[in-house]
Amino acid sequence: KYGNKGTRIYVRGRQNRERKAFIISVVNEGIGVEPDEAGKIFEGNYRGRKARVTAIGEGWGLKIASKIMALHGGLIELTQAEKATIFSLVFPESSII
């Protein structure tokens, strides 16, 4: 929905021993997230300026994803906002069977 036409979405998983976590990163080459909006996109009912003109939506997806991750003892974070946008799902090792 927010990716550049003809680009792919990549999903990578890795263990991070320093954070004692397993991290799944989703990489999308698209519109990116403006620095001043990075903190707001997880609040709910908020959409970035570029997102508003790119696709329809209400701005609740990242808020819902954040709540689901919290219920699993983890978190979702924006780890890169320009060029390729990267969102990472961080699962504590203790939550992995």
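Structure: above.
Note that the coordinates shown come from a computational prediction; the quantities given were computed from them, not determined experimentally. (Residues numbered from 1 in each chain as written. Predicted model: local features only at pLDDT ≥ 70, side-chain atom pairs only at ≥ 80, totals over all residues. Heavy atoms only, no water.)

Colleague: Explain the overall build of the protein chain to me, please; I cannot follow it from the model alone.
Modeller: Per the secondary structure count, the protein chain includes two helices and four strands. Its helices and strands taken in sequence order, the protein chain reads β-β-α-α-β-β from the N to the C terminus. C-alpha atoms of the protein chain, sized along the principal axes, occupy 40 × 30 × 20 Å. Counting over 97 residues, the protein chain shows a buried share of 30%. Pairs at least 24 apart in sequence give 45% of the contacts found in the protein chain among residues at least 6 apart. (Helix = DSSP H or I, 4+ residues; strand = E, 2+ residues; numbered from the N terminus. Buried < 20%, exposed > 50% of the residue type's maximum accessible area, 1.4 Å probe, protein only. Contact = heavy atoms within 4.5 Å.)

Colleague: Which parts of the structure should I look at to understand the packing of aromatic side chains?
Modeller: Given two aromatic rings, one states the distance between the centres and the angle between the planes to describe the pair. Applying the stated criterion across every chain yields a total of one aromatic pair. When the ring of phenylalanine 42 is compared with that of phenylalanine 87, the centres are 6.1 Å apart and the planes differ by 75°; the resulting orientation is edge-to-face. In this pair, phenylalanine 42 is assigned in the loop between strand S2 (21–29) and helix H1 (49–54) and phenylalanine 87 in strand S4 (residues 84–92), connecting sequence segments 45 residues apart. Its guanidinium or amino end placed over the ring of tyrosine 46, arginine 52 lies 5.8 Å from that ring's centre, counting from NZ or CZ. (Phe/Tyr/Trp six-rings, centres within 6.5 Å; stacked < 30°, edge-to-face > 60°. Lys NZ or Arg CZ within 6 Å of the ring centre and 35° of its normal.)

Colleague: Just checking my understanding: could you explain the environment of glycine 48 for this structure?
Modeller: Mapping glycine 48 onto the fold places it in the loop between S2 and H1. The class of glycine 48 is buried, set by a relative accessible area of 10%.

Colleague: Before we go on, may I ask you to explain the sheet that holds strand S3 (residues 75–80) in this structure?
Modeller: What holds strands together in a sheet is hydrogen bonding between their backbones, with the strands either parallel or antiparallel. Taken together, the four strands give an open sheet; going across it, the order is S1-S2-S4-S3, and neighbouring strands pair in antiparallel fashion. Strand pairing shows two members of the sheet lacking a second neighbour, strand S1 (9–16) and S3, which therefore form its edges. Going from strand to strand, the sheet's axes swing by 25° on average, the running direction of each strand aside. One ladder, built from five bridges, connects S3 with S4; its direction is antiparallel. Residue pairing across strands places glutamate 77 opposite serine 88, the latter belonging to S4. (Pairing = 2+ DSSP bridges. Axes fitted to C-alpha atoms, helices over the stretch in contact; angles between N-to-C directions.)

Colleague: Help me understand a nonpolar patch on the surface, please; the structure alone is not making it clear to me.
Modeller: A grouping of Trp60, Ile64 and Ile68 is seen on the molecular surface, where their side chains present a nonpolar patch of about 300 Å² in accessible area. In this fold, isoleucine 64 is placed in helix H2 (residues 61–71). For isoleucine 64, a relative accessible area of 48% gives the class partly exposed. (Patch = residues over 30% accessible without salt bridge, like charges linked within 9 Å, V, L, I, M, F, W, Y side chains within 5 Å. Areas by Shrake-Rupley, 256 points an atom, 1.4 Å probe, with all protein chains shown as cover. Salt bridge = Lys/Arg side-chain N within 4 Å of Asp/Glu carboxyl O.)

Colleague: What exactly am I supposed to notice about the pattern of salt bridges here?
Modeller: Once the charged atoms of two side chains with opposite charge are near each other, the side chains can pair. Evaluation of the coordinates by the stated rule reveals four salt bridges. The salt bridge partner of arginine 19 is glutamate 77, with a shortest N-O separation of 2.8 Å. Of the two residues, arginine 19 sits in the loop between S1 and S2 while glutamate 77 sits in strand S3, which places them 58 residues apart along the sequence. A salt bridge links glutamate 34 to lysine 50; the shortest N-O distance between them is 2.9 Å. Taken together, the positions of glutamate 34 in the loop between S2 and H1 and lysine 50 in helix H1 put the pair 16 residues apart, joining distant regions of the chain. Taken together, the shared-partner salt bridges connect Asp36, Glu37 and Arg49 into one network.

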